[in-house]
Amino acid sequence: MKTSANILLIYTGGTIGMVKDFETGALKAFNFDELLQNIPELKLLEHSIETVSFEKPIDSSNMRPAFWLQIAEMIEERYEDYDGFVVLHGSDTMSYSASALSFMFENLSKPIIFTGSQLPIGDLRTDAKENLITSIQIAGLQRHNKPVISEVCLYFEYKLYRGNRTSKINAEHFQAFASPNYPPLVNSGVHLAVNDNALWKPNNRRKMKLHTGLNDEIALIKIFPGINRSLLEHIMAKEGLQGVILETYGSGNAPTEEWFVNLLKQTISRGVVIVNVTQCIGGSVSMGQYETSTQLKKIGVISGKDITTEAAVVKMMYLLAKDLSPKVFKTIFETSLRGEMS
Ligand code: ASP
């Protein structure tokens, strides 16, 4: 049985590879070769590691769909040459990127693991080394000559999560991510404890397919008490708007005021799709459980169930690019495509 794997390490930027600017004291991305020199431990791993980098590494706050495509193409071009892929990425938008790649890659049979860190790799107290080294080890896990993991994941602070189930929950703690509605896939302690029941089971007879279309004609609206009517009317009237994600209260509840419900109804009648996701960190939308969500269900709002906002944003971009009828869009959105909802 093969124990060593070929891993491709893709560097996009993020704190992991940043240094302090002498003049301003702000953290900025630095060169990949310098980053590698800071991790001599990589040479001690049993896996063979090759690297490729964004020409200009970015802070992930500058992430956008064109960069998702760039990462996806870097992987697609080299898909047959490697057993697993590790993507070094800033933590700020890592959950969005991991979600995006999960939808873009259909029938994935190899691991794509996103990781990064809260402190730069050159910092004495850095969390970067553990995150990076364990991500590589997990990406290299094999059973019967096949990768153990065959989905897009996110590794941070001793846990491997399904990427499209995660959210960044802390800007300070090393445990920066959570996956409230799905258990970790691997817990890293003295041993790597793989939660086999939670893993995505690939269909090995189907070929991997990369979907490159993403439609950004969408809006993300978080409801709050006192939300401004004319602002909302303006957003909904935007020319070209094709989809709205509505972050509602609790199990999918929203105001029952007539103007609000009518506005959503008119927007839907124009062919714009509206998806209901909860602004709670965990739990699920269940329209009809309260009177304050019954009206949403009646007018055709789509249930995001227990999807994260991050995954909902990219799932909407991905499905809108397919030019589906609103009815088909609703059916597919409410179905789990890559394990993003229960
Ligand atoms: N601002 C950084 C980024 O997302 C934060 C990090 O890497 O943790 O690129």
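See above for the structure.
The structure presented is a predicted model; accordingly, all values stated were derived computationally and were not measured.

Trainee: What is the right way to read the pattern of salt bridges from this model?
Mentor: Where side chains of opposite charge bring their charged atoms close, a pairing between them can arise. Under the definition given, this model contains 10 salt bridges. Ionic pairing is found between Glu77 and Arg78, a salt bridge with its closest N-O pair at 3.5 Å. Among the residues examined, Glu77 registers a relative accessible area of 59% and is labelled exposed. Residue classification places Arg78 among the partly exposed residues on the basis of a relative accessible area of 23%. Taking the shortest distance from any N to any O, the salt bridge between Asp196 and Arg143 comes out at 2.9 Å. In this pair, Asp196 sits in the loop between strand E15 (192–194) and strand E16 (209–210) while Arg143 sits in strand E8 (residues 142–143), placing the two residues 53 residues apart along the sequence. Under the relative-accessibility criterion, Arg143 is labelled partly exposed at 39%.

Trainee: Mind showing me how you'd approach the site of the ligand here?
Mentor: Every residue near the ligand is listed here: Gly14, Thr15, Asp59, Ser60, Gly90, Ser91, Asp92 and Ser117. Here an oxygen atom of the ligand sits 2.5 Å away from a polar atom, N or O, in the side chain of Ser60. Within the side chain of Ser91, one N or O atom sits 2.4 Å away from an oxygen atom of the ligand. Burial of the ligand by the surrounding chains reaches 90%, relative to a free accessible area of 270 Å². A per-class count over the shell around the ligand returns no nonpolar, 6 polar and 2 charged.

Trainee: Honestly, the nonpolar core in this entry has me stumped. Any pointers?
Mentor: Side chains of a nonpolar character, in soluble globular proteins, are inclined to be buried together. If you look at the biggest cluster of nonpolar residues, it comprises 53 residues, and the most contacted ones within it are Ile75, Leu101, Phe105, Ile112, Met316, Phe329 and Phe333. Broken down by element, the residue count for this core peaks at 9 residues, all from helix H8 (residues 309–320). With residues up to four places along the chain from it excluded, the contact list for Phe329 reads Val273, Val275, Ile302, Met316, Leu319, Leu320 and Leu324. With 29 residues, the next largest nonpolar core counts Ile7, Val86, Ala139 and Val148 among its residues.

Trainee: I'm lost on helix H6 (residues 258–269) in this one. Help?
Mentor: Given 3.6 residues to a turn, an α-helix orients residues that are three or four positions apart in the same direction. Compared with the 16 Å implied by 1.5 Å per residue over 12 residues, the 16 Å span of H6 between its first and last C-alpha is a close match. Residues of H6 that are buried include every one of Trp259, Phe260, Val261, Leu263, Leu264 and Thr267, and no others. Gly271, located one to two residues past H6, shows a positive phi value of around 95 degrees.

Trainee: Quick question: what am I supposed to make of unusual backbone geometry here?
Mentor: Note: most peptide bonds trans; most residues except glycine with negative phi. One non-glycine residue, His144, lies in positive phi territory at about 50 degrees. By secondary structure assignment, the location of His144 is in the loop between E8 and strand E9 (146–147). Even without being glycine, Tyr158 reaches a positive phi, approximately 75 degrees.

Trainee: Help me understand the sheet that holds strand E7 (residues 112–115) in this model?
Mentor: Each strand in a sheet pairs with another by means of backbone hydrogen bonds, the pair being arranged parallel or else antiparallel. What the 8 strands build is an open sheet, ordered E4-E1-E5-E7-E10-E11-E14-E15; its pairing is mixed. The sheet is open, and its two borders are formed by strand E4 (48–58) and E15, each paired with just one other strand. The sheet shows a mean angle of 20 degrees between the axes of neighbouring strands, taken without regard to direction. Relative to E7, strand E5 (residues 84–88) is paired through 4 bridges, and the arrangement is parallel. When the sheet's bridge partners are listed, Leu88 is paired in E7 with Thr115. Across the sheet, helix H2 (residues 65–77) is in contact with strand E1 (6–13), E4, E5 and E7; its angle to E4 comes to roughly 160 degrees.

Trainee: When you look at the packing of H2 against helix H3 (residues 94–104) in this model, what are you seeing that I'm missing?
Mentor: Between two packed helices, what matters for the description is the angle formed by their axes and the separation of those axes. Relative to each other, H2 and H3 sit at 55 degrees, their axes nearing to 10 Å. Between H2 and H3, the crossing angle belongs to the class labelled oblique. The hand of the H2/H3 crossing is right-handed. Judged by residue contacts, Trp68, Leu69, Ile71, Ala72 and Ile75 of H2 engage Tyr96, Ser97, Ala100, Leu101 and Met104 from H3. Among the residues forming the contact of H2 with H3, the class breakdown is 9 nonpolar, 1 polar and no charged.

Trainee: Explain the side chain of Thr12 to me, please; I cannot follow it from the model alone.
Mentor: The topology assignment puts Thr12 in strand E1. At 2.7 Å, the side chain of Thr12 forms a polar contact with the backbone oxygen of Leu88.

Trainee: Just to check I follow, could you spell out the environment of Glu217 for this structure?
Mentor: Of note, Glu217 is situated in the loop between E16 and strand E17 (218–222). Given a relative accessible area of 27%, Glu217 falls into the partly exposed group. Spatially, the C-alpha atom of Glu217 lies 9.6 Å from that of Lys238, the residues being 21 residues apart in sequence. Of note is the side chain of Glu217, whose polar atom sits 2.8 Å from the side chain of Lys238.

So, how was this worked out
The numbers attached to residues start from 1 for each chain and follow its sequence in the written order. With pLDDT at 70 or above as the cut-off, local features in this predicted model cover only qualifying residues; side-chain atom pairs require 80 or more to be listed or tallied, and sums for whole chains, interfaces and linings still use all residues. Working from all heavy atoms in the structure, the side-chain values ignore hydrogens and water. The salt bridge criterion pairs a side-chain nitrogen of Lys or Arg with a carboxyl oxygen of Asp or Glu, the two atoms within 4 Å. Relative accessibility thresholds used throughout: buried, under 20% of the residue-type maximum; exposed, over 50%; partly exposed, between the two (1.4 Å probe, protein chains only). The numbering of helices and of strands both runs from the N terminus, where a helix is a DSSP run of H or I of at least 4 residues and a strand a run of E of at least 2. Proximity is defined per residue: any heavy atom of the residue falling within 4 Å of a molecule or strand makes that residue near it. Within 3.5 Å is the distance limit for a polar contact, defined as a pair of N or O atoms, with the added protein rule that one can donate a hydrogen and the other accept it, and that residues adjacent in sequence qualify only through two side-chain atoms. Note on areas: Shrake-Rupley with a 1.4 Å probe; residue coverage comes only from the protein chains shown. Residue type decides the class: Asp, Glu, Lys and Arg count as charged, Ala, Val, Leu, Ile, Met, Phe, Trp, Tyr, Cys and Pro as nonpolar, and the leftover types, Gly among them, as polar. To define a nonpolar core, start from buried Ala, Val, Leu, Ile, Met, Phe, Trp, Tyr and Cys residues and group those joined through side-chain atoms within 4.5 Å. The contact criterion used is simple: two residues touch if any of their non-hydrogen atoms lie within 4.5 Å. Here the expected span of a helix is defined as 1.5 Å times the quantity of residues minus one. Pairing between strands is defined by DSSP: at least two bridges between the two strands are required. Here the axes come from fitting lines to C-alpha atoms, over the contacting stretch only for helices, and the angles between their N-to-C directions go from 0 to 180 degrees. In these notes the angle categories are as follows: under 35 degrees is roughly parallel, over 145 is roughly antiparallel, 65 to 115 is roughly perpendicular, and the rest is oblique. Left-handed describes a crossing in which the near helix is turned anticlockwise from the far one by less than a right angle; the clockwise case is right-handed.

Shape is all these values report; function is a separate question.
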